[in-house]
Number of protein chains: 2
Amino acid sequence: MPDSAYGDIRKLDLFAQMADENFTGLMRGAYVQNFPSQIELITEGDPSDFLHVLVSGAVDLFSTWNGRETSMATIRPISTFILAATVKDAPYLMSARTLEKSRVALIPSQDVRAAFDLDGNFARAIVTELAQCYRSVIKSQKDLKLRTSLERLANYLLRQQRHAGGGSVFELEFEKRRLASVLGMTPENLSRAFKGLQPYGVTVAGTRITIEDHNELKRFAKPNRLIDDHQS
Amino acid sequence: MPDSAYGDIRKLDLFAQMADENFTGLMRGAYVQNFPSQIELITEGDPSDFLHVLVSGAVDLFSTWNGRETSMATIRPISTFILAATVKDAPYLMSARTLEKSRVALIPSQDVRAAFDLDGNFARAIVTELAQCYRSVIKSQKDLKLRTSLERLANYLLRQQRHAGGGSVFELEFEKRRLASVLGMTPENLSRAFKGLQPYGVTVAGTRITIEDHNELKRFAKPNRLIDDHQS
DNA sequence: TATTACGATTGATAAAAGTCAATCATAGAT
DNA sequence: ATCTATGATTGACTTTTATCAATCGTAATA
């Protein structure tokens, strides 16, 4: 594995507190690979042979059933994905595909499980990471079950605005069809939902969003830290 | 804490591999309490002061937003709940209420975090538990995003049938209004959904369900282990 | 036994969301 | 600069789901 990726990975919360020898041991069996855009890295149902670490690029986690497909989450560097399947030695529940040219480190799952039995700090870091993941999905579940698609979009825009620095003009982080899928609606409905937010001062030009009056949108969206706060 | 509950809790996967002294230390600050039905044990947003262990009875985890409420999961003995909030020392994302007379052990969260720093086996058990919880929510998320309410009900009935032993006649495990909420629909729609499954051999009398032809229903429901298998 | 309260069901209607087909806009490719 | 492929948008329509109001059924209570 190249030194650059090695250092970046070492800095991840997940690995930062590991004993040197355990981290080195873990990395010994790992390798880094470059993938073009739109490559399926993981297929749901497959055994979880590797823990994946996205070093650069972007990855979409999605699932399918009965000919339908839905986007579950987007992974941005530097972070791991499919950790739960790895530690449980169970099949992947989601598929993963690159959204752009990406660099991924692959760590054999059995090495991860071995390190986790060996290194208490690593085990503790995994706990924190998994608890974080769990809480994220719960928030997303609440978003889906408690809000209409218009409300979900409104809150997404507020989150994204904050994430982009808080200015009244910002860019969507991914293409609309995938945003629609993430938000649990069709692309057609997303288009209509954007129109539905015009009365609250939202205007759209391609991927550029303008929120005229933040407070006006907020009054409609009613953001809630127990759903929308992507920290805690 | 009474010996009976102590022993039952000790047997939980979460605590089974802990060093004796750590478990004893953890239980020193814990206490068991009896609650009548319909008591709110936890309110979302509150700091996570205690890890809860349901010793007997049943507990509903639910969330609210903007005057709406949805049931997220049902806890049956013996298991813990709100583990993620405890280990992250973050506010509860869900509220909890007893569905019947229940016995709950309360373990101070700071003791849990201390034990988790001290005891590698405990940390590892928490990992397994959290990974399990995470995967459950992901499955539920897929169920919600990929299926119509009729399909969700059909698959729920197949799961419940299996859970009840596989016979063609079985009982629903909770009242219909709560089942509706768990499945992400209104009680009115649940009624209609049951009717919609009649052509596939499903009949309902109160809480008693009859599935005439398991395979017929299965052909419609298309159950999938990556969504419906509540083990792995 | 009659009463009452509450959940379940039904019907009518409205709102939300999905589908299908056509068109538009735009970024790359030629 | 033009062509082309793909995603976005729009309109018409259907399906799904929610809402509201009324009624039914049943189990607990008086």
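Just so we're clear, the structure is a prediction, and the values are computed from it rather than from any experiment.

**Details of the sheet that holds strand β3 (residues 50-56) of chain A**
Residues and elements named next belong to chain A.
- Read across the sheet, four strands follow the order β1-β8-β3-β6 without closing on themselves; strand pairing throughout is antiparallel. With partners counted over all chains shown, the strands left at the sheet margins are β1 (31-35) and β6 (79-81), one partner each. Neighbour to neighbour, the strand axes of the sheet diverge by 30 degrees on average, direction disregarded.

**Some words on the side chain of S109(A)**
Residues and elements named next belong to chain A.
- Within the secondary structure layout, S109 lies in helix α5 (residues 109-118).
- Taking the relative accessible area as the measure of exposure, S109 reaches 1% and is therefore buried.
- There is a polar contact of 2.6 Å between the side chain of S109 and the backbone oxygen of S48.

**Here's the deal with the sheet that holds strand β11 (residues 208-211) of chain B**
Residue and element names in this part refer to chain B.
- Reading across from one edge, β9-β11-β10 is the order of the three strands in this open sheet, with antiparallel pairing throughout. At either margin of the open sheet sits one strand with a lone partner, and together these are β9 (169-171) and β10 (202-205). Direction aside, the axes of adjacent strands within the sheet are offset by 25 degrees on average.
- Relative to β11, β9 is paired through three bridges, and the arrangement is antiparallel. Bridging from a neighbouring strand, V169 pairs with T210 of β11.

**Brief notes about the packing of helix α7 (residues 149-163) of chain B against helix α10 (residues 214-221) of chain B**
Residue and element names in this part refer to chain B.
- Where α7 contacts α10, the two axes come as close as 9 Å, and the packing angle between them is 140 degrees. In terms of orientation, α7 and α10 fall into the oblique class. Read as a crossing pair, α7 and α10 show a hand that is left-handed. The residues of α10 that touch α7, namely those facing L150, E151, A154, N155, L158 and Q161, are H214, L217, K218, F220 and A221.
- Across the contact of α7 with α10, the residue classes tally to six nonpolar, three polar and two charged.

**As for the protein's contact with DNA strand D**
- Around DNA strand D sit 15 residues in total, of which K176(A), S191(A), K195(A), S149(B) and N189(B) are the nearest.
- The contact atoms of DNA strand D, taken as those within 4 Å of the protein, divide so that sugar and phosphate hold 70%.
- Here a phosphate oxygen of DNA strand D and a side-chain polar atom of S191(A) are 2.8 Å apart.
- Broken down by secondary-structure element, the contributors of at least two residues to the surface near DNA strand D are α8 (176-182) and α9 (187-196) of chain A together with α9 (187-196) of chain B.

Thresholds, definitions, all that
Residues numbered from 1 in each chain as written. Chains lettered and ligands numbered in written order. Predicted model: local features only at pLDDT ≥ 70, side-chain atom pairs only at ≥ 80, totals over all residues. Heavy atoms only, no water. Pairing = 2+ DSSP bridges. Helix = DSSP H or I, 4+ residues; strand = E, 2+ residues; numbered from the N terminus. Axes fitted to C-alpha atoms, helices over the stretch in contact; angles between N-to-C directions. Buried < 20%, exposed > 50% of the residue type's maximum accessible area, 1.4 Å probe, protein only. Polar contact = N/O pair within 3.5 Å; in protein donor to acceptor, adjacent residues only side chain to side chain. Parallel < 35°, antiparallel > 145°, perpendicular 65-115°, else oblique. Left-handed = near helix turned anticlockwise from the far one by under 90°. Contact = heavy atoms within 4.5 Å. Nonpolar A, V, L, I, M, F, W, Y, C, P; charged D, E, K, R; others polar. Near = heavy atom within 4 Å.

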